[in-house]
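# Overview (structure and organization)
Okay, here's what each chain looks like letter by letter:
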There are 2 protein chains.
Amino acid sequence: MKRNVLVLAVVALIVLAGCTLARRPAQEPTPSGEGEAAPAVSGLSPDAIAIAQERGLGPDDITAALKTYLPTGVHDDYAIFSSGGHSGQVLVIGVPSMRLLKVIGVFTPEPWQGWGYGVGNDVLDEGNVDGNEVRWADTHHPALSETEGDYDGQFLFINDKANARVAVIDLRDFENKQIVKNQVAVNDHGGTFATPNTEYVIEGGQYAAPLGWEYAALDDYNDTYRGMVTFWKFDRDAGRLDEAESFAIELPPYWQDLCDAGKLASDGWVFCNSFNAERATGGVEEGNPPFEAGASQGDTDYMHIINLQKAEEVFNAGKTFDVRGFPVISLDTAVEEGILYLTPEPKSPHGVAVTPDGQFLVVSGKLDPHVTVYSFDKIMSTIEAEKWDTDDYGVPVLGLDDVKEAQVEVGLGPLHTQFDDQGYAYTSLFLDSAVARWSLGGDFADLHPEDPWQLVSKINVHYNIGHLLAAEGDTVSPDGKYLVAMNKWALDRFANVGPLLPQNFQLIDIDNTGDAMQLLYDMPIGLGEPHYAQMIEYAKLSPWEVYPEVGWDPQTQAVSENAVLPGEEKVVRNGNEVEVFMTAVRSHFTPEHVEIQEGDHVTWHITNIERSYDATHGFAIPAYNINVSIEPGEAATVEFDANQPGVFSYYCTEFCSALHLEMAGYLLVEPNGSSAMLDQE
Amino acid sequence: MKRNVLVLAVVALIVLAGCTLARRPAQEPTPSGEGEAAPAVSGLSPDAIAIAQERGLGPDDITAALKTYLPTGVHDDYAIFSSGGHSGQVLVIGVPSMRLLKVIGVFTPEPWQGWGYGVGNDVLDEGNVDGNEVRWADTHHPALSETEGDYDGQFLFINDKANARVAVIDLRDFENKQIVKNQVAVNDHGGTFATPNTEYVIEGGQYAAPLGWEYAALDDYNDTYRGMVTFWKFDRDAGRLDEAESFAIELPPYWQDLCDAGKLASDGWVFCNSFNAERATGGVEEGNPPFEAGASQGDTDYMHIINLQKAEEVFNAGKTFDVRGFPVISLDTAVEEGILYLTPEPKSPHGVAVTPDGQFLVVSGKLDPHVTVYSFDKIMSTIEAEKWDTDDYGVPVLGLDDVKEAQVEVGLGPLHTQFDDQGYAYTSLFLDSAVARWSLGGDFADLHPEDPWQLVSKINVHYNIGHLLAAEGDTVSPDGKYLVAMNKWALDRFANVGPLLPQNFQLIDIDNTGDAMQLLYDMPIGLGEPHYAQMIEYAKLSPWEVYPEVGWDPQTQAVSENAVLPGEEKVVRNGNEVEVFMTAVRSHFTPEHVEIQEGDHVTWHITNIERSYDATHGFAIPAYNINVSIEPGEAATVEFDANQPGVFSYYCTEFCSALHLEMAGYLLVEPNGSSAMLDQE
C-alpha cells in the first residue's frame, strides 16, 4: 500500500519535472554554479524511479539503499570485528555496506588461509586441552586493543567460551598469532575485554567447576566449585599475552557472565555480572527444577566489583596459590585485601557496560524490564564507608540502594547496552525484538534535550536480538552514526536455506540528524552465530598490503631463517630427512620436480618472492592434507611424513595469472616395496 | 567530477519540483489514478537526493543501488551455488542482493553446523585418501541436478580438484550426504557436470599421473601417465552416487581441463578440453622450460569428444579393466569402439561450453583472442565420414576446419562462456579484465539484431576474471537478467584487510531492455577463492523449514532408530560403554547431569523435539572437540572416549531463548586414579 503511494508520487514528479524541462532541449547543459555542465535531469530520475516502482521500494527503502550502497572501488567507513560464534573464527565486515570482507582463521582450521593445513598448526596446538586436539571454538567477545580507552587498531583479542581460551590477532596482517588455554577454568564467557591501555585482557568465567579442571561431585558444589576471572598481561611489543605476568582471582560459584573494564573515572576497576547466584545445580531428570528455572528463582544476582589495581599489587606480592602452575588470588585473600565486592543486580542479567566517562555501570536483567544504572562514585563511597553485608563466602555485598543511580524501564528481555556521542544509550531487548534508545544522566545530560534516565524511542528488529554494537560504542569516545542489532533468529527475513537458518545483523542509522532510528540493511550471517562484535573507524587500521620483506615469517613478524631467494632453490637429503627450498612466482614453482622415498620426513620451505599487491600463491599437495596461502613476501614451511607412494601434483591454489593452471609440479614418492601401495596408515 | 555533475542536476530537480509543488499545500494528496492518496513529492526526494549528494553517488550508482537493495524481509530472486574454492565448502548467495546466505560444510569440518565435530564424521571419512585424513578441498565446479537439461533444484554436486573427490548435497536440507574418492586419479578438475537428466555426474581429470595412484618415473610419462574422465551414476531416489554403476575412461596424458555434457541435439555426448597436449613435464630447475612455457608451446591443444552413450554400452558389456576395483574403459577400447575423438582447439584453453540448443561448443584459448565455435553437426558428419588423422595414441583427430563453425575475436585471455535468453554469449576475458557479449549464430540469430558470431560489447570488471556465470546460463533455457564476474584479484576494490585479499564477485545487469551491460555490485569473497558457480531461480528450490518428523536423521533422511522422545531420556551403561539418550527443548536439556567414569566410551543421542522454524539448538562438550547443530526435529549422535576426568559443562551453542545461557548440564567424568589428571593423550 505504502509503496503504491510512493510510486504515484514519483510518477507525479516525473511528469512535473518533465514538463518543466521540456522548455529546453534534453541534452543541453544546465547552468552550473561551479562552471560545470550537468546532464539533463530527466535522464537520471525516470530510470531510478522506474526501478523503484518495479521493485516495490518505498521511500525508506530508497534512502536505506542510498545510505548503504558503495559503488565499485569505494571503501567502507567502518570495520566490524565480529566473533564468528561457534565457527571459531573472526568476521571482518564493512560498514555501511555490511559486506563480509574476510573470515580470519582463529581457533578452527581454515584451508583458504592454510590455517591448520601446513601453517598455524603450532598455534592451534597451543589450544589443545590436556592433550586433546580441540579444533573449534565458541568465540564470544572480540576486544580491540585500546590506548587511553580508545581503539588503536593494532590487535584484536577473542575468547572461546567452550574451552576457556583466548587468541591474539595482529591487525597488520589480520592473522592469529597466539592461543592461550586457561589453566583455572574449563570454560569461560566474560572475555575478552581490554583495560584502557590494554595492560590486561580480561577473561571471566561462566559455568562453575572445580578449579584446575579437577573432578568433584555436584554434591560438593558450594564448597568445591568456583568461578574465576583471569587477567592476561599483554606485551604489546611482543604482540603476545605474557602468561608469566598473568593471574586469576577465585570467585564464588555464581556463574559469572560478562565483564567490562573501568575507564577514566573508574580506571583500575573491573565489573563482572553473574546469573546463578542461586547456585542451582539442575537435574530436571531427577525432579529438580531445570537450570533455566533454578537459576532464575531469586530476584537478584550479583555484580562483582573488582579492584584490579590492588589485585595486581597482591599478585606481585606473591599472595597467590597455584592452579596447574597458574597463580590465583584466593577468594579469602580477595576479600581480605579489598579486591572483591558484590552488589545485587536484577534478575538473570546479561552484560555490564561502563559509560564512556567511566562514571556509570549499566546492567540489565533478562527477566526485568529495566536497565539498572550504578554510580561508580556511590560504589566508592559505600566501600570507603565499609557499609556492607556479606554473602556466604564472606564477600562484602553493597546495598543496591546505596550504589544505584537510576533504573530505566526499557522493555522486555534487556540484554546489552552501548553508547553514542549524543548522550544516549542503546539497549537490546531480546523478548521485544527491539532496540531501546534512552537518555543518560550525569554529564551526558548536557548533550541531549531529554530528562536523564528516560526511554526515548524504540526500533523493531528481526528477531530476538542478543548483543548490539554501536560505532566505537564501548570506548571513551563513541562515534554514534551506526548501530548493529545482532539478531539470533532470522525466520522469514531471508530466502529459505534449509532447517539451519542464518542469523541476521541489522544495520541501524542512529545519526541524530533526525529523531527516529532507521533500519538500513539486513545482513545474513550463514556461517556461525556471532555473539558480540566491535566497530572501529577504518582509518584507524593500517594493515600491510604485502609483507615488509621477502622471506617474512608471519608468526615471528620477521624475516625467516628459512626464507628462499631465487637461485637458492634446492632439495637436501639427510638420511630420511628431506628438506625442500622452493620459490613461487608467476607462474611457476622452482623446483618443479621433487623426488623422494616413501617413509621420508619432508620439511618444505616455500617463499613467495612477489612484491605486487594481491599476488598471492597457494601451495597444495594432494593426499597429504596440505594447503597453504603464501602472500607476497611470505615464507611458509610445511612438514609431512611421506607415507603414501605415488605421483602427486602440487599446484598453486590461487588463480594468479592466465597460466595459473600451469603453475604445478610433480612430487614423486617412490615406494619402498611393491606391497607398499596397499598400506593403510 | 561526474558526481558533482549529478549533484548539480539533482539540486536543479529539487528546485524545479519545489517551484511546481509550491502551488499547492505540501501535505495535500495529489490526484491518483487508483484513488489513493500520495504524499507530497518534496517529502521524499530531498532526503534521498541529499544522501546521494553527501555520499557522492552518481546516476549509475543510484540505479545500481535500487536494483540490488532488498528491504528487510524481501527475498532474493535467485540463488548462486558457488564453490568455496579452497575453503572446501559451498557458498549460497542471494541475487540481486549478493548477500552470503549460507556456507555449507562439505569437505572441510565446519563447527557451526557441527560438520566433523560430532556429525558428518563418517561422510568426511569417506573422503580419506588411502587412509590419510584429508580435511580440506579445492572445490571447483558445482553442478545442480537437471531434468531435461534444466535445473530441478534437488541436488548439488561439487568436486575437489586437489584430491579428485565428489560430494553430493541434498537441497532439501542443504547438507552434504556423500563424498566419493576417485580410484583412478589423484586429482581432477573437469567436474562436476551433470548430464541432462542427471543420469551421470562427470568428473574429468587434470594433471596426468599413473592410473590408480601408482608410482612411475617421469621419464615414463608418455607410456605410463594418463588422463581420465569418470562418469558417476546418480541414483536420484537414494540421493547418492552409485559407485557400482560408475566407470571411467582412460585418456591420453594431455592434462584434461573442463568438461560439459551435450544436451538436446548433442545429448549423449560429452566434451572435455585439455591444455598440455605438448606433454611437457616441466623441470625448470634442470634447465627445462617451466610448465607455463612448455605446456604453451604448441598452437593447439585437444578437445576430447566422447560418446557417452556408447561408453555406457561398452561398460555394461564388461569391456573394462580394473583400477583399484573401479572399472575403466581403456584408451585402446575407447578408440576401437568409437567412444573417443579429438579435435584441435586453440592455445591453452580453459573451458568448453555447450550452447543451450546443444548445437555448438564454445572453446576459448587463454593465449588466443578468439572463441572457437564447433558445430556438433559437423563433428557428427566428420565422424560418420571417418575423416581423421590420429594422435600418438591412435585416437582419431578431426580436422579443425572440418568441425569449426566460427571464430569470434573477443579480447585477451578468454576463459569461459555462458549464455542468455536473447541469443548472446558472454565470455570472461582474464587479461582484459572484461566480459565480452557476442552474438550466437544458428537458430539463435533470430533472437538478436546483430550478425551472428560478432562481438557486440564489453564491460570492464575488477580484476582478472576467471569463470563467469549467468542466470541458469548453462542450461537449455538460460534466463538472462544477471551475470556474475568471478574476479580473482580485488586490488583496490575493498578496504585493506591485510596481505591476503578477498576475491570480487561483480554482479552485472545483462537485461536487454537497454543496450549496455551495467555493473551493479561488488561482493567481496573473503573466505576462499571460488572457482565456478551456478545461479538458479529461487522458486525452483523447496527446502524444508524443519525436519519432517521428530527424530529425523539427516544422513538417512528418515526417522532415526536412536530418536529420543520426551520421557524416554536415560543413561544406559554396559561395561564401559555408556549410552546417553537426551532431548533438547527451550530451554533445557534432559538429563542435566551425566556421570561417567574416565575411560568410558560414550555414545550420546540428542533429539531436538522442537517443531518451530529456526528453533535450532547446539550441543557442545568442552575439551572433547564436540559441537553439533540440532535443527528442529533432528536426531544427532556423537561418540567420544572419556579420556579426561573432570567436570565439563555441556551447553546449547545456539542462542535459543532469553534463558539460553541456562541451557546447560554437567558431564562429570570421575577419575580412575589420582594420577589420572596429569595424563596426556
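Since the structure is predicted, the reported quantities are computational estimates derived from the model, not experimental observations. Per chain, residues are indexed from 1 in the order of the written sequence. As they are written, the chains are lettered A onward and the ligands numbered 1 onward, keeping that order. Local features in this predicted model are restricted to residues of pLDDT 70 or higher, and side-chain atom pairs are both shown and tallied only at a pLDDT of 80 or more, whereas totals for entire chains, interfaces and linings draw on every residue.

## A closer look at the overall build of chain A
What counts here: Numbering of helices and strands runs from the N terminus; a helix is a DSSP stretch of H or I covering at least four residues, while a strand is a stretch of E covering at least two. The globule rule is 2.2 Å times the number of residues to the power 0.38, and the radius of gyration it is compared with is taken over C-alpha atoms. Comment: burial labels come from other C-beta atoms within 10 Å of the residue's own C-beta, placed from the backbone, where a count of 20 or more is buried, 12 or fewer is exposed, and between is partly exposed. Once C-beta atoms are placed from the backbone, any two residues with those atoms within 7 Å are in contact.
Helix and strand counts for chain A stand at 10 helices and 44 strands. Over its C-alpha trace chain A gives a radius of gyration of 29 Å, about what one expects of a compact globule, namely 26 Å for 681 residues. Overall size of chain A, expressed as C-alpha extent along the three principal axes, is 90 × 80 × 50 Å. Put simply, chain A has 681 residues, and 61% of those count as buried. Look at the contacts in chain A between residues 6 or more apart in sequence, and 62% of them connect residues 24 or more apart.

## Quick look at the relation of the copies chain A and chain B
Put simply, the rule is: To superpose the copies, least squares is applied to the C-alpha atoms of every residue with a pLDDT of at least 70 in both.
After a rotation of 180° and a shift along the axis of 0.0 Å, chain A superposes on chain B with an RMSD of 0.0 Å. Read as a symmetry element, the transformation amounts to a two-fold axis. Of every C-alpha in chain A, the one belonging to A:Ala65 sits nearest the axis of rotation, 2.9 Å from it. Looking at chain A, 99% of its interface residues are interface residues in chain B too, so the copies touch through the same face.

## Concerning helix H7 (residues 308–316) of chain A
The periodicity of an α-helix, 3.6 residues per turn, causes residues three or four positions apart to be oriented the same way. Note the threshold: By construction, the arc corresponds to the directions joining the helix axis to the C-beta atoms.
Regarding H7(A), the residues found buried are A:Leu308, A:Ala311, A:Val314 and A:Phe315. Angularly, the buried residues of H7(A) cover 115° about the axis, an arc narrow enough to put them on a single face.

## With respect to the sheet that holds strand E19 (residues 360–365) of chain B
All names here are of chain B. To be explicit about the condition: DSSP bridges decide pairing: two strands pair if at least two such bridges lie between them. In this analysis an axis means a line fitted to C-alpha atoms, helices contributing only their contacting stretch, and an angle means the value between N-to-C directions, from 0 to 180 degrees.
Judged by pairing direction, the sheet is antiparallel, and its four strands sit side by side in the order E18-E19-E20-E23 without closing on themselves. Pairing within the sheet leaves two strands with one partner each, and these edge strands are strand E18 (349–354) and strand E23 (404–409). Within this sheet the neighbouring strands show an average axis-to-axis angle of 20°, counted without direction. Each of E19, strand E20 (370–375) and E23 touches helix H9 (residues 376–384); the most contacted strand, E20, lies at about 55° to it.

## Focus on the confidence of the model for chain A
Residues and elements named next belong to chain A. Filter applied, for reference: Per-residue confidence from the predictor is reported as pLDDT, which spans 0 to 100.
Within chain A, residue pLDDT values average 92, and 92% of them lie at 70 or more. Under a pLDDT of 50 for its full length, residues 674–681 has, in the predicted model, 11 contacts with residues more than four places off or in other chains. Complex prediction metrics read pTM 0.93 and ipTM 0.93.

## Observations regarding the environment of A:Ala208
Residues and elements named next belong to chain A. Relative to the helices and strands, Ala 208 resides in the loop between strand E9 (200–204) and helix H5 (221–224). Of the residues examined, Ala 208 has 29 C-beta atoms within 10 Å and is grouped as buried. The sequence separation of Ala 208 and Asn 276 amounts to 68 residues, and the corresponding C-alpha distance is 9.6 Å. With sequence-adjacent residues up to four places away left out, Ala 208 is seen in contact with Tyr 225, Arg 226, Gly 227, Pro 253 and Trp 255.

## Considering the environment of B:Gly551
Residue and element names in this part refer to chain B. Turning to its location among the elements, Gly 551 is positioned in the loop between strand E32 (533–537) and strand E33 (552–553). Residue Gly 551 is classed as buried on the basis of its C-beta count, with 20 C-beta atoms lying within 10 Å. Each C-alpha atom, one on Gly 551 and one on Asn 562, is 7.6 Å from the other, the two residues being 11 residues apart in sequence. Contacts of Gly 551, omitting those with residues within four sequence positions, involve Val 559, Ser 560, Ala 563, Thr 607 and Ala 635.

## Considerations on the sheet that holds strand E16 (residues 326–329) of chain B
All names here are of chain B. In spatial order, the strands read E8-E9-E10-E11-E16-E15; together these six strands make up an open sheet with mixed pairing. This sheet does not close on itself; its edge strands, each paired only once, are strand E8 (193–194) and strand E15 (321–323). Where strand E9 (residues 200–204) meets strand E10 (residues 227–235), five bridges bridge the pair, whose relative direction is antiparallel. Across the sheet, residue Gly 204 finds its bridge partner in E10, namely Val 229.

## Considerations on the domain arrangement of chain A
Applicable threshold: The split into domains, and so the bounds of each, comes from an automatic or database assignment of domains. Throughout this entry, Asp, Glu, Lys and Arg are counted as charged residues, while Ala, Val, Leu, Ile, Met, Phe, Trp, Tyr, Cys and Pro are counted as nonpolar. The remaining residues, Gly among them, count as polar.
Segmenting chain A into domains produces domain 1 (2–57), domain 2 (78–540) and domain 3 (552–678). Considering only residue class, the side of domain 2 of chain A that touches domain 3 of chain A consists of four nonpolar, four polar and four charged.

## So, the interface of chain A and chain B
Opposite the 171 residues of chain A that make contact, chain B presents 169 residues. No other element matches the 10 residues that helix H1 (residues 2–21) of chain A contributes to the side of chain A that touches chain B. Counted by class, the side of chain A that touches chain B contains 93 nonpolar, 46 polar and 32 charged residues.

## Quick word on the environment of A:Val123
Residues and elements named next belong to chain A. Mapped onto the secondary structure, Val 123 falls in helix H4 (residues 121–126). Given 21 C-beta atoms within a 10 Å radius, Val 123 is considered buried. Considering only alpha carbons, one finds Val 123 and Val 180, 57 residues apart in sequence, at a separation of 9.1 Å. Apart from residues lying up to four places away in sequence, Val 123 is in contact with Asn 176, Lys 177, Gln 178 and Ile 179.

## Re the nonpolar core
Selection criterion: Joined through C-beta atoms within 7 Å, a set of buried Ala, Val, Leu, Ile, Met, Phe, Trp, Tyr and Cys residues constitutes a nonpolar core.
Membership of the largest hydrophobic core comes to 435 residues, with the highest contact counts inside it found for A:Ile249, A:Val484 and B:Val484. Those residues within four positions of A:Val484 in sequence are excluded, and the remaining contacts are A:Ile80, A:Leu468, A:Leu469, A:Phe505, A:Gln506, A:Leu507, A:Ala533 and A:Met535.

## Looking at the pairing of strand E4 (residues 143–147) of chain B
Residues and elements named next belong to chain B. Taken across its five residues, E4 has four buried, putting it largely inside the fold. Note that E4 and strand E5 (residues 150–160) share four bridges and pair antiparallel. Paired with Glu 146 across the two strands is Tyr 151, which belongs to E5. What sits between the antiparallel neighbours E4 and E5 is a turn of two residues, in which Glu 148 has the positive phi angle 50°.

## Section: unusual backbone geometry
Following B:Val95, the chain continues to B:Pro96 via a peptide bond in cis, the omega torsion being 20°. Mapped onto the elements of the fold, B:Pro96 is located in the loop between strand E2 (90–95) and strand E3 (99–104). Put simply, B:His462 and B:Tyr463 share a cis peptide bond, and its omega is -10°. When you line up the elements, B:Tyr463 lands in the loop between strand E27 (455–460) and strand E28 (465–471). Of note in this structure, A:Asn625 is not a glycine but carries a positive phi near 60°. Counting through the fold element by element, A:Asn625 comes out in the loop between strand E40 (617–621) and strand E41 (626–630). Overall, A:Asn625 belongs to the buried group, with 22 C-beta atoms counted inside 10 Å.

## Some words on the packing of helix H3 (residues 59–68) of chain A against helix H3 (residues 59–68) of chain B
Keep this limit in mind: Handedness of a crossing is defined here by the sense of rotation of the near helix relative to the far one, left-handed for an anticlockwise turn of less than a right angle and right-handed for a clockwise turn.
Remark: H3(A) packs on H3(B), axes separated minimally by 9 Å, with the N-to-C direction vectors making an angle of 115°. The handedness of the crossing between H3(A) and H3(B) comes out as right-handed. On the side of H3(A), the interface is formed by A:Ile62, A:Ala65 and A:Leu66, while H3(B) contributes B:Ile62, B:Ala65 and B:Leu66. Looking at the contact of H3(A) with H3(B) residue by residue, the class counts come to six nonpolar, no polar and no charged.

## Let's talk about the pairing of strand E31 (residues 518–525) of chain A
A regular strand carries its side chains on alternate faces of the sheet. Residue and element names in this part refer to chain A. With seven of eight residues buried, E31 is to be regarded as a mostly interior element. Here strand E30 (residues 503–509) runs beside E31; their pairing, made up of seven bridges, is antiparallel. Opposite Ile 508, over in E31, you have Leu 519 as the bridge partner.

## A few points about H9(B)
Residue and element names in this part refer to chain B. Of the positions making up H9, those classed as buried are Phe 376, Ile 379 and Thr 382. Angular distribution of buried residues about the axis of H9 spans 125°; they occupy a single face of the element. Glu 386 occupies a position one or two residues after H9 and carries a positive phi of about 50°.

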